[in-house]
Amino acid sequence: MHHGFCNRQITQSLNRTMASDRIVGIDLGTTNSLVAFMQGESPVVIPGDDGSNLVPSVVALDENNQPIIGNPARKHLTETPERAVYSIKRLMGRGVEDIQEELKFFPFRLAEDLHPGEVLRIKLGDKTFTPPEISALILRQLKRNAERFFAAPVTKAVITVPAYFNDAQRQATKDAGRIAGLDVLRLVNEPTAASLAYGLDKKQNGIVAVYDLGGGTFDISILKLHDGIFEVIATNGDTHLGGDDIDNLLIAIALDDTLGDLGLDLRNKDLRGNAGAVQAIRNAVIEAKIALSSQPSAKLDIELPGGKRYLREITREQFEQLIQPVIDRTVGPCKQALKDAGLKPEQIDEVVLVGGSTRIPKVRALVKELFQRVPHTDLNPDEVVALGAAVQANILGGGSEATENMLLLDVTPLSLGIEVAGGVTDKIILRNSTIPASATQHYTTQVDGQANVAIHVLQGERELARDCRSLARFDLKGIPPMAAGMARIEVRFLIDANGILNVSAREQRSGKEAEIQVQPSYGLTDEQVEGMILDSFDNAEEDFRGRQVIEARTEAATILAALDKGKKSPAWGHLTTDEKKKIAKMEKALIAVKAEEDYQAIRKAIYALNQGTTRLAELMMDSAVSVALKGKTMDEADMGEGPTAPHPMAKAEFE
Amino acid sequence: MTNSSLTTITAKPVPEETQSCWSCGTMRAVHFCQACGKVQPPSPVDYFTFFGLPRKLNLDLAALEKDFYELSRKLHPDLNARAGSREQEWSLQQSSLLNDAHRTLKDPIKRTQYLLQLEGVELEEQSKTATEQARSTGQIKKQIVPPDLLEEVFELNMQLEELRMHKKMGEDDPALIEEIGRQKLALDGKQESLLRELEYDWKMWDGMIQREHNGQPVSEEERKQERDKMVDLLNRRNYIRNLVRDVDEALEN
Ligand SMILES: Nc1ncnc2c1ncn2[C@@H]1O[C@H](COP(=O)(O)OP(=O)(O)OP(=O)(O)O)[C@@H](O)[C@H]1O
Ligand SMILES: [Mg+2]
């Protein structure tokens, strides 16, 4: 690597400027997850230690019950399928009663003692994990990749979610972030994030439709781009529709074949080796599916238990016929979104394709027909969501030249309602309302002296409460004794910029406070999440401290190396004796604490030395650079032997 | 969702209304400070006031949108993400108020309903009371059929009933469907012309407000008259909208 003084200096100082509050953008996908950040004026994906941008959303436990994430976990799907899991996103924010269909097609192993309404728990070996915990393991991997890249801790993130995710699914994603040790500054809708990355490139006004068909979810969003404002007009989708469903169709055929032709009942879960064989079939059909996006036919050749082989050829025509019902399920949401936006297809200026499954030619043809327009494919459909998340992270962090004037105005995908007499939903915030959005409801008492009022909050479009998603039950408590109908309790429902509901209450007549007790229908409690942060891995506490120390030492080494360099530079000669003395003292202090285990002491010493060397750093730069880096400290102005990404020692220590 | 099995949310007091910016002390607008740009604690203002508009019904929609974007650039939580937690909370409150106000004012029907509500007409309460009554007495909710629609509505309801019967028997009646489709078109046309009528009522209302603004007294009676015209119009429109919904449902099922 070229260690040119100026170039590296600038990139590194840019990277370091915001070291304290660097915010990353994360695409937590059903199949693949990515982390990105804004490097200078453009977003880039941060690769993992294997050099790959995509981290497969696969989690496994090794024989020592240590979690393995991403590419290395994939082989466990076939070798130890009972200790591995994929597509966990499909279970986020859902109860056991709404995943019965899912269980027919996915090898999720649920804990045996689950009750309806309880947060799901998935078995990996003999341990159980909730979906947010498994997602947290993926997030932690991405966090580490970023930390290795920056050689600095990363604690703040923007995470993307499917636009059509409901409140419970969003909350579960936020919980996952917290469990992973991330402060989730914002949840951004995936298609909207994609439009940000796209808009950054184009800087155009007009109406854009984003069609996002990934591994497990489908979203359609229609946006108005207007002088940097990205205003979502309508969104729709299906949180359980994607490449997985195509894979499952192909797997089902193969399983029928192997039963019919070879007499092998691979669906029988009690037989050893079957789960692994099904995974091998899954791998093969995915490979074939991907091949069929560029070839007229593909071959399946799979070794099965007992030495038998399964051979089959699929033509693109057969494939397209097979998947038609799946991809047709995207049509309804698209038409609804157009209708809600009050637009005709010809009024859409551009259509952007997002998600790996939009590489399928038949999907492209369908989009072209729906919107009567050739869709855009210039951005990598796997990466564009993460890049957009990085753009949003940059906006939240105060923006830069590239994101100046950019603002995202998103909507809530589902209507919010209250159950009223007769089990009917009374909608109080309609779908596609710009968020934050709020609605105020007034409640009163039915009988004299009534102290409680129960409120049932729902999400969805259906008339009847039982057909909508139950979000929470509230108990309005401690209403002062009054005659029936006298109390006037104002309850304010507010959907925040993450699409998550907040509630507050006020009793207006008595002036007394009203209290609300919230009973979420799904999801983890605060206490549960707290608990998971600590035991998300066995020696979390120790591990965490260890990492802090390592990170602090790494940074100390960087600044000491920079100082050595500085001493040899002509700038050193321009310092006064007194300044030099002070620096030497601080250097000594840092070297001393660096050997110890107290990361806070190391950080303090780094900070001191950093401050003390500001002038040296400035002197070290030639005039042009010194203007650019005015006010920067030694640490930021460092160059030369500092850590390069990925950091050489971080890897061994972090794993 | 507030994420706890039994979280207790306590009611918060309304922030005190102040005239000057909490941060730099200069006089401030309702939502943000003209001098230092900081978001201000929300004050309980109506949607018209929030946008600095008089309570008139004819609105310059392009100007409203422009103001909406401009205020979004000041109030949105994304642009206040680095501010203190108090300011972040205000930004959330203010920008939800902004969005609620914009959503209401940009839509002609919602805007009219909102103004009537500000004028003390309890539109929603009316229909809610009717619904409750219907439920408790077990009767079908009585809706006053606008007299000029009586005949058409009667016929249409008969046809819808017939269509439902046919569907139940699994029969198809293209002629009937076509006829109902025609009726639906006529209803759509009615809605359109009601909207134009409403626009006329707006003009009268706005003229009255302007006179008042110019210092001429407006009698309570006149005010009530103008209000009632609009209430009546909205009721008729609601009635037709429900009818159209019934037709759509019958045709779909
Ligand atoms: N060339 C291709 N042809 C067909 N399908 C493909 C191709 N490349 C990737 N896929 C499929 O795309 C899906 C993964 O896409 P992507 O990474 O965009 O999803 P994701 O972001 O993980 O999921 P989601 O957004 O639904 O949570 C997988 O189902 C994969 O098999
Ligand atoms: Mg995706």
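Counting starts from 1 at the beginning of each chain's written sequence and moves along it residue by residue. Naming scheme: in the order in which they are written, chains are lettered from A and ligands are numbered from 1. Reporting in this predicted model follows two pLDDT cut-offs: at least 70 for local features of residues, and 80 or more for side-chain atom pairs to be given and counted; totals over whole chains, interfaces and linings ignore these cut-offs and use all residues. Note that water and hydrogens are dropped before the side-chain values are worked out from all heavy atoms of the structure.

### A few points about the environment of Ala571 of chain A
Residue and element names in this part refer to chain A.
Inference 1: Here Ala571 is to be found in the loop between α14 (540-568) and α15 (577-594).
Inference 2: C-alpha separation for the pair Ala571 and Gly93, spaced 478 residues apart in sequence, amounts to 58 Å.
Inference 3: When checking whether two residues touch, look at their non-hydrogen atoms; a contact exists if any pair is within 4.5 Å. Not counting chain neighbours up to four residues away, the residues in contact with Ala571 comprise Leu616, Leu619 and Met620. Runs of E in the DSSP output that reach at least two residues are strands. Runs of H or I that reach at least four are helices, and both are numbered from the N terminus.

### Observations regarding the sheet that holds strand β24 (residues 489-495) of chain A
Inference 1: Strand order in the open sheet formed by three strands is β21-β24-β25 (chain A), and the pairing between neighbours is antiparallel. Every other strand in the sheet has two partners, leaving β21 (437-443) and β25 (501-507) of chain A as the edge strands with one partner each. Taken pair by pair, the neighbouring strands of this sheet meet at an average axis angle of 20°, ignoring direction.
Inference 2: Paired strands, as defined in this entry, are two strands with at least two bridges between them according to DSSP. Bridge count for β21 of chain A against β24 of chain A is seven bridges, and the pairing is antiparallel. Paired with His442 of chain A across the strands is Glu490 of chain A, a residue of β24 of chain A.
Inference 3: Axis definition: a line fitted to C-alpha atoms, over the contacting stretch in the case of helices. Angles run 0 to 180 degrees between N-to-C directions. Running over the sheet, helix α3 (residues 85-106) of chain B touches β21 and β24 of chain A and is turned about 85° from β21 of chain A.

### Thoughts on the environment of Gly388 of chain A
Inference 1: Mapped onto the elements, Gly388 of chain A comes out in helix α12 (residues 384-396).
Inference 2: Sequence-distant contacts of Gly388 of chain A, that is, excluding residues within four places in its chain, are made with Ala193, Leu196 and Ala197 of chain A.

### So, helix α16 (residues 599-612) of chain A
Residues and elements named next belong to chain A.
Inference 1: Expected helix span is given by 1.5 Å per residue-to-residue step, counting one fewer step than there are residues. Helix length check: α16 (14 residues) gives 20 Å between terminal C-alpha atoms against 20 Å at 1.5 Å per residue, within 8%.
Inference 2: Burial in α16 covers these residues: Ile602, Ala605, Ile606, Leu609 and Asn610. Down the axis of α16, the sector holding all buried residues measures 140°, keeping them to one side. In α16, those exposed residues whose orientation departs by more than 90 degrees from the buried face are Gln600, Lys604 and Tyr607.
Inference 3: Here a polar contact is recorded for every N or O atom pair within 3.5 Å, except that within protein the pair must consist of a potential hydrogen donor and a potential acceptor, and residues adjacent in sequence are included only if both atoms are side-chain atoms. With a side-chain oxygen lying 3.1 Å from the backbone nitrogen of Gln600, the N-terminal cap of α16 falls on Asp598. The cut-offs for exposure are 20% and 50% of the maximum accessible area for each residue type, with area from a 1.4 Å probe on protein chains only; residues under the lower value are buried, those over the upper are exposed, and the others partly exposed. The reported arc concerns the directions from the helix axis to the C-beta atoms and nothing else.

### Some thoughts on the domain arrangement of chain A
Residues and elements named next belong to chain A.
Inference 1: According to the domain assignment, chain A consists of domain 1 (13-241 + 329-409), domain 2 (243-327), domain 3 (416-521) and domain 4 (542-638).
Inference 2: An automatic or database domain assignment supplies the start and end points of every domain. Once you take the C-alpha centre of each, domain 1 and domain 3 turn out to be 31 Å apart.
Inference 3: In this assembly, 20 residues from domain 1 lie in contact with twelve residues from domain 3.
Inference 4: The term buried area refers to how much accessible surface (probe radius 1.4 Å) is lost by two components on association, counted for both of them together. Taking both sides of the interface into account, the surface hidden between domain 1 and domain 3 amounts to around 1,300 Å²; carbon and sulfur atoms contribute 38%.
Inference 5: The largest per-residue losses of area from domain 1 upon contact with domain 3 belong to Asn166, Asp167 and Arg186, which jointly make up 33% of the total buried on that side.
Inference 6: By convention in these notes, a salt bridge is any Lys or Arg side-chain nitrogen within 4 Å of a carboxyl oxygen on Asp or Glu. At the junction of domain 1 with domain 3, the criterion picks out two salt bridges.
Inference 7: Between Arg431 and Asp340 there is a salt bridge, and its shortest N-O distance comes to 2.6 Å.
Inference 8: Among the elements that take part in the side of domain 1 that touches domain 3, helix α5 (residues 167-179) stands out by supplying five residues, more than any other.
Inference 9: Each residue gets one label: Ala, Val, Leu, Ile, Met, Phe, Trp, Tyr, Cys and Pro are nonpolar, Asp, Glu, Lys and Arg are charged, and the others, such as Gly, are polar. Of the residues in the side of domain 1 that touches domain 3, the class split is six nonpolar, seven polar and seven charged.

### Quick notes on the packing of helix α7 (residues 174-213) of chain B against helix α8 (residues 220-252) of chain B
All names here are of chain B.
Inference 1: Two numbers describe how α7 lies on α8: the axes approach to 9 Å, and their chain directions differ by 160°. Judged on the interaxial angle alone, α8 and α7 are roughly antiparallel. Here the hand of the crossing between α7 and α8 comes out left-handed. Should an angle fall under 35 degrees it is taken as roughly parallel, and over 145 as roughly antiparallel, whereas 65 to 115 is taken as roughly perpendicular and any remaining angle as oblique. Throughout, a crossing is termed right-handed when the near helix is turned clockwise from the far one, and left-handed when it is turned anticlockwise from it by less than a right angle.

### A short note on unusual backbone geometry
Residues and elements named next belong to chain A.
Inference 1: Looking along the chain, the bond that leaves Ile435 and enters Pro436 is cis, with omega of -5°.
Inference 2: With respect to the helices and strands, Pro436 occurs in the loop between β20 (424-429) and β21.
Inference 3: Positive phi values are uncommon outside glycine, yet Ser87 reaches one of about 50°.
Inference 4: Along the chain, Ser87 turns up in the loop between β7 (84-86) and α3 (100-105).

### Let's talk about the pairing of strand β5 (residues 58-61) of chain A
Residue and element names in this part refer to chain A.
Inference 1: Where burial is concerned, the two faces of β5 agree: the one with Val58 and Ala60 and the one with Val59 and Leu61 are both buried.
Inference 2: Where β5 meets β7, three bridges bridge the pair, whose relative direction is antiparallel. Within the sheet, the bridge partner assigned to Ala60 lies in β7 and is Ala84.
Inference 3: Examined bridge by bridge, β5 and strand β6 (residues 67-69) share three bridges and lie antiparallel to one another. Counted as the bridge partner of Ala60 is Ile68 from β6.
Inference 4: From the end of β5 to the start of β6, which pair antiparallel, there are five residues, and Asn65 there has a positive phi angle of about 60°.

### A short note on the domain arrangement of chain B
How large an interface is tends to be reported as the accessible area lost when its parts come together.
Residues and elements named next belong to chain B.
Inference 1: On domain assignment, one finds that chain B holds domain 1 (3-118) and domain 2 (145-252).
Inference 2: Contacts between domain 1 and domain 2 engage eleven residues on the former and twelve residues on the latter.
Inference 3: Here domain 1 meets domain 2 over a buried area of about 1,200 Å², counting both sides, of which 71% is carbon and sulfur.
Inference 4: The largest contributions to the domain 1 side of the interface with domain 2 come from Lys56, Ile109 and Leu116, which together make up 44% of the buried area.
Inference 5: For the pair domain 1 and domain 2, the number of links is zero salt bridges.
Inference 6: Counting the contacts that link domain 1 with domain 2 gives five residue pairs in polar contact (both at pLDDT 80 or more).
Inference 7: Across the side of domain 1 that touches domain 2, the residue classes break down as five nonpolar, three polar and three charged.

### A look at the packing of helix α9 (residues 316-328) of chain A against helix α11 (residues 361-371) of chain A
The packing of two helices is summarised by the inter-axis angle and the distance between the axes.
Residues and elements named next belong to chain A.
Inference 1: Look at α9 against α11: their axes get within 9 Å of each other, and the N-to-C directions meet at 50°. For the element pair α9 / α11, the angle class is oblique. Of the two possible hands of crossing, α9 and α11 adopt the one that is right-handed. Residue-level inspection shows Arg316, Glu320, Gln324, Ile327 and Asp328 of α9 in contact with α11, the latter providing Pro361, Lys362, Val363 and Leu366.
Inference 2: Of the residues assigned to the contact of α9 with α11, the class counts are four nonpolar, one polar and four charged.

### Things to note about the pattern of salt bridges
Residue and element names in this part refer to chain A.
Inference 1: The final tally for this structure, using the stated rule, is 46 salt bridges over all chains.
Inference 2: A salt bridge links Glu118 to Arg121, with the shortest nitrogen-to-oxygen separation between them at 2.8 Å.
Inference 3: A residue is classified by how much of its surface remains accessible, and Glu118, at 25% relative accessible area, is partly exposed.
Inference 4: A salt bridge links Glu461 to Arg431; its shortest N-O distance comes to 3.0 Å. Of the two residues, Glu461 sits in the loop between β22 (453-459) and β23 (469-477) while Arg431 sits in the loop between β20 and β21, which places them 30 residues apart along the sequence.

### A few points about the side chain of His456 of chain A
Residues and elements named next belong to chain A.
Inference 1: By the secondary structure assignment, His456 is in strand β22.
Inference 2: The buried category is assigned to His456, whose relative accessible area is 10%.
Inference 3: Only 2.7 Å separates the side chain of His456 from the side chain of Glu419, close enough to count as a polar contact.

### Concerning helix α4 (residues 108-118) of chain B
All names here are of chain B.
Inference 1: Restricting attention to buried positions, one finds in α4 the residues Ile109, Arg111, Thr112, Tyr114, Leu115 and Leu116.
Inference 2: Where α4 begins, the side chain of Asp107 points an oxygen toward the backbone nitrogen of Ile109, at a separation of 3.1 Å.
Inference 3: Gly120 sits one or two residues past α4 and shows a positive phi near 95°.

### Brief notes about the nonpolar core
Inference 1: Definition of nonpolar core: a set of buried residues of the types Ala, Val, Leu, Ile, Met, Phe, Trp, Tyr and Cys, connected through side-chain atoms within 4.5 Å. Counting residues in each nonpolar core, the largest one holds 59 residues, and the members touching the most others are Val24, Ile26 and Leu139 of chain A.
Inference 2: No other element matches the eight residues that helix α4 (residues 131-150) of chain A contributes to this core.
Inference 3: Excluding residues within four positions of it along the chain, Leu139 of chain A makes contact with Ile26, Leu28, Ile159, Ala176, Gly177, Ala180 and Leu182 of chain A.
Inference 4: Counting 52 residues, the second-largest nonpolar core is a separate cluster that includes Leu57, Trp90, Leu97 and Val231 of chain B.

### What about the environment of Gly189 of chain B?
Inference 1: Turning to its location among the elements, Gly189 of chain B is positioned in helix α7.
Inference 2: The spatial distance from the C-alpha of Gly189 of chain B to the C-alpha of Tyr239 of chain B is 14 Å, given a sequence separation of 50 residues.

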